[in-house]
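Single-letter residue listing:
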Amino acid sequence: MAAKGESLLETRDLTVNFHTYRGEVKALDHVQLSLYPHEVLALVGESGCGKSVTALTILGLLPGNAHVLEGQILYKGEDLLKKSPEQMQEIRAEGIAAIFQDPMTFLNPVLTVGVQLKEAFLVQKHLWTAQTRDKSATGAVDAQIRGFLLEKETEKEGSKRESGRDREKIAEELSKDILKLVRLADPERILTQYPHELSGGMRQRCMIAMALARRPSIIVADEITTALDVTVQAQILTLLKELRDTIDASSILITHDLSVAAETADRIAVMYAGHVVEVASTIELFRKPLHPYTQLLMKCIPDVRKPVTHLESISGTVPDLIDPPTGCRFHPRCPFAMEVCKTTKPVLKDIGNGHLVHCHLF
Amino acid sequence: MPDEILVVKDLKTWFPIKAGLLQKTVGHVRAVDGVDLEVKKGETFGLVGESGSGKTTLGKSVLRLIKPTDGQVYFDSIDVTKATKKELMLLRRRMQIIFQDPYASLDPRQTVGSTLVEPMRLHKLVSTKSEAMKRAKELLLRVGLNEEHLFRFPHEFSGGQRQRIAVARALAVDPDFIILDEPTSFLDVSVQAQVLDLLKQLQKELGLTYVFISHNLSVVQYMSDRVGVMYLGKLVEDAERDVLYKYPEHPYSYFLMEAIPVPDPEYKKVPKLLSGDVPSPVNIPPGCRFNPRCPYATDKCRSGDMPFYTGSGGSYHRVACHYKVDFDSGSEVLRPQMN
């Protein structure tokens, strides 16, 4: 699973600061990441390491007090940072979809799931005019939906546009199909229900369905299973892997849980205090963690198969990013810190096989 | 029962649902619905279960922070549910709780010192101010902080340090028994172990008894001697830790263990997914509560009461399932009636 040709999305030297009344929070510092087609890339790190900020920057959803100092986000050969908000909205619709942690905050509580899901189809203008419809066949289009649309089209031979009621009906059929795609049983009933009537796992599936309605090529999943129970978490993570294979959607899975990443991701990028400290394929990373932070982090997580009597912890705490440590941001907590670590920032070095490490030791 | 410090008998905590103009009670959320358990002196009893399974409500009902609807809680042979105000005050000194969120459980306007001194004064454990401050200093050292932290406010501390302060506050009244309600779920993994190890060390030094509540099964495994699994307000299985984690006998415990993510990408796991979600505690399915999601359920499971059976893991192993299922082959045999 090493570097395989063209990347789908790439960030170069992404540096983001936040204005706060206490000072400038240096949230991201030269973040380099690539997402390749047909993969799940996990972004792993502790709270405040910049994993969510990375996601928000990619999506163009940074809050007003944030500003990008430097860097590029390349998607289909274009720099997303140069896009207007309107263009970004279009990209979030068709290119890069987002799913967040708490589905209840993102679903409208006063509308049924059906209304919200149908809207996702109805706003896609190109679906509803015969001339542009064929264009939507490019990219990661779910064959199921595609076939369905074509079938409807032949039925409606003659008329160029559907009437409003027809559109509603088609959108409803599409909604049902997409709910089946995310493995929700009884989609007819779910469409008539309000978000509060659904369980957490079902709501998260609805969010995924909505994100898929726009047939994105990339899904950014920010801590999507954190609010869920383990048995439901396992279901959702399996779904994410399935979607990679069935509709060829690559995902960026953001999680604080290294075990979740181990089970789901093809590659893992470990972040610490705004730096990407190590990137490798999941198997490589677990076999041969190189960065001291990754090594220590792995000792901190209990494994149910091998009960231990002593768990490691990393001394010290995550630094305050208003005044981050100079040089390598991990040096105050690093057992191998050298003089050079305090003064010079390491570079993200490729040590072969697509294994990147941000450390002076290598 | 000299060995058991806590005995819970058929404890029920129901919350009424009120509706309509006259706020009539139209139903109940059966958060805890008939739990029996015993905790021995000096041990850590782990309580696991998914959100909404009633773990926290059970913990709070044991301390009578929520008044239980029915059932008994004996702490050192005193019935907590019937204790008078005076008795309760004495009990509260001996039974403490540490909450999940150290950002919410500490008063932002009190210094660490006054947070620690207040419970001592309330329980009349100290007579003078200087004595109180001396004790507070000792407590801070005990939990790995130092004297200069006495005059700081909670916002000056990180999450891990705050949780240490919460531990110090619980220890301020010299308790025998502490309920730890998800004490590390707000902390990052790199500091989680520091707090867990502190708790373990304090238990050893002070002979404390813990009830450790968490949805994180790996953490519970690390901390507990015995573990009980809750589902929809009922305990479905409890056993010695290693028995439960290696040979779970209740189908729910089994699927729960299977769903724990493993930090090893090369570990070939056959995905065994449980379908569906936890039902609402308002409409509890009849019979075994797990039957709508259980792939092994039969008609026997869909009605009647669900008794406990003795599991194969020794005298402390109880399983609330009619069948002994071989999870690899899927074959099931009826368990013998317990006498």
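Residues numbered from 1 in each chain as written. Chains lettered and ligands numbered in written order. Predicted model: local features only at pLDDT ≥ 70, side-chain atom pairs only at ≥ 80, totals over all residues.

This paragraph deals with the overall build of chain B. Each helix and strand in chain B was counted, giving nine helices and 14 strands. Computed over the C-alpha atoms, the radius of gyration of chain B is 21 Å, within 12% of the 20 Å expected from 2.2 N^0.38 for a compact globule of 339 residues. Summarising its shape, the C-alpha atoms of chain B cover approximately 65 × 60 × 45 Å along the three principal directions. Within chain B, the proportion of its 339 residues that are buried is 45%. Counted over contacts in chain B with a minimum sequence separation of 6, partners at least 24 positions apart contribute 63%. (Helix = DSSP H or I, 4+ residues; strand = E, 2+ residues; numbered from the N terminus. Rg over C-alpha atoms; globule rule 2.2 N^0.38 Å. Buried ≥ 20, exposed ≤ 12 C-beta atoms within 10 Å, placed from the backbone. Contact = placed C-beta atoms within 7 Å.)

Turning our eyes to something else, we now look at the overall build of chain A. Along the backbone of chain A there are 14 helices and 12 strands. Sorting the 362 residues of chain A into buried and exposed places 46% on the buried side. In chain A, the share of contacts with a sequence separation of at least 24, taken over all contacts with a separation of at least 6, comes to 65%.

Turning to the interface of chain A and chain B, a few remarks are in order. Many authors give the size of an interface as the accessible area that is lost as the parts come together. Counting from both sides, the interface comprises 37 residues of chain A and, opposite them, 34 residues of chain B. Looking at the side of chain A that touches chain B, the elements that each hand over two or more residues are α9 (200-213), α10 (230-246), α11 (258-264), α12 (282-287) and α13 (292-300) of chain A. A per-element tally of the side of chain A that touches chain B places α10(A) first, with seven residues. In the side of chain A that touches chain B, the residues fall into 19 nonpolar, 11 polar and seven charged. (Nonpolar A, V, L, I, M, F, W, Y, C, P; charged D, E, K, R; others polar.)

In summary, the side chains of a regular strand alternate between the two faces of the sheet. Residue and element names in this part refer to chain B. A large share of strand β8 (residues 209-214) lies buried, amounting to six of its six residues. Residue alternation in β8 divides its side chains into two sets, Thr-209, Val-211 and Ile-213 and Tyr-210, Phe-212 and Ser-214, and both sets are buried. Where strand β3 (residues 44-48) and β8 come together, five bridges link them in parallel fashion. What sits directly across from Val-48, in β8, is Ser-214. One ladder, built from five bridges, connects strand β7 (residues 177-181) with β8; its direction is parallel. Bridged to Ile-178 within β8 is Tyr-210. (Pairing = 2+ DSSP bridges.)

This next bit is on the packing of helix α4 (residues 113-122) of chain A against helix α7 (residues 164-181) of chain A. Residue and element names in this part refer to chain A. Look at α4 against α7: their axes get within 9 Å of each other, and the N-to-C directions meet at 110°. Viewed along their axes, α4 and α7 adopt a mutual orientation that is roughly perpendicular. Of the residues in α7, those touching α4 at Gly-114, Leu-117, Lys-118, Phe-121 and Leu-122 are Arg-167, Glu-168, Ala-171, Glu-172, Leu-174 and Ser-175. Here the residues of the contact of α4 with α7 sort into five nonpolar, two polar and four charged. (Axes fitted to C-alpha atoms, helices over the stretch in contact; angles between N-to-C directions. Parallel < 35°, antiparallel > 145°, perpendicular 65-115°, else oblique.)

Attention shifts here to α9(A). Residues and elements named next belong to chain A. The terminal C-alpha atoms of α9 lie 20 Å apart, and with 14 residues this matches the ideal 20 Å at 1.5 Å per residue to within 8%. Most of α9 is tucked away, with 14 of its 14 residues classed as buried. In the segment just after α9, Arg-215 is the residue with positive phi, at about 45°. (Expected span 1.5 Å × (residues − 1).)

So, on to the nonpolar core. Residue and element names in this part refer to chain A. Within the largest apolar cluster, 193 residues are counted, with the highest numbers of intra-cluster contacts made by Ala-209, Ile-252 and Leu-253. Of all the elements, α9 adds the most residues to this core, at nine residues. Once you skip the residues sitting within four places of it in the chain, Ala-209 turns out to touch Leu-117, Ile-178, Leu-179 and Val-182. (Core = buried A, V, L, I, M, F, W, Y, C linked by C-beta atoms within 7 Å.)

What follows is about α13(A). Among the residues of α13(A), those classed as buried are A:Pro292, A:Tyr293, A:Thr294, A:Leu296, A:Leu297 and A:Cys300. Turning to α13(A), the residues buried within the fold contact α11, β9 (267-272), β10 (275-281) and α12 of chain A together with α6 (189-206) of chain B.

Let's shift gears to unusual backbone geometry. Residues and elements named next belong to chain A. Its identity as a non-glycine residue notwithstanding, Asp-13 has a phi of 50°, on the positive side. Tracing the backbone through its elements, the reader meets Asp-13 in strand β1 (residues 9-20). If you check the backbone angles, His-30 has positive phi at about 50° while not being a glycine. By the secondary structure assignment, His-30 is in strand β2 (residues 23-35). On the basis of neighbour count, His-30 is assigned to the partly exposed category, with 19 C-beta atoms found within 10 Å.

This part takes up the packing of helix α3 (residues 112-122) of chain B against helix α5 (residues 159-171) of chain B. Residues and elements named next belong to chain B. Two elements in contact, α3 and α5, have axes whose closest approach is 8 Å; the angle formed by their N-to-C orientations is 25°. By the criterion of interaxial angle, the relationship of α3 to α5 is roughly parallel. In this structure, α3 meets α5 at a crossing whose hand is right-handed. Side by side, α3 and α5 meet where Val-112, Thr-115, Leu-116 and Pro-119 of the first sit next to Ile-165, Ala-168 and Arg-169 of the second. Split by residue class, the contact of α3 with α5 holds five nonpolar, one polar and one charged. (Left-handed = near helix turned anticlockwise from the far one by under 90°.)

Scored by pLDDT, chain B comes out at a mean of 89, with 98% of its residues at no less than 70. Across the interface, the model reports ipTM at 0.78; the global pTM reads 0.83. (pLDDT = per-residue confidence, 0-100.)

Residue and element names in this part refer to chain A. The strand order across the open sheet built from eight strands is β6-β7-β8-β3-β9-β10-β12-β11, with neighbouring strands paired in mixed fashion. Edge positions in the open sheet fall to β6 (96-99) and β11 (348-350), since each of these has one partner strand only. The average angle at which neighbouring strand axes cross in this sheet is 20°, direction not considered. Relative to strand β8 (residues 250-255), strand β7 (residues 218-222) runs parallel, the two sharing five bridges.

A few words on the sheet that holds β2(A). The four strands lie next to each other as β2-β1-β4-β5 (chain A), forming an open sheet whose pairing is antiparallel. Edge positions in the sheet fall to β2 and β5 (78-79) of chain A, since each has one partner strand and no second.

Chain-level pLDDT for chain A is 84 on average; 88% of the residues reach the 70-or-more range. Here residues 131-142 of chain A is modelled with pLDDT under 50, and outside its nearest four sequence neighbours on either side it reaches 20 contacts, counting other chains as well.

What follows concerns the pairing of strand β1 (residues 4-19) of chain B. All names here are of chain B. In this sheet, strand β2 (residues 24-40) lies alongside β1 in antiparallel orientation, the contact comprising 13 bridges. Following the sheet pairing, Val-7 is matched in β2 by Glu-38. What sits between β1 and β2 in their antiparallel hairpin is a turn of four residues, with Gly-20 showing a positive phi close to 85°. Across five bridges, β1 lies against strand β4 (residues 70-75) in antiparallel orientation. Note on β4: the bridge partner recorded for Val-8 is Val-73.

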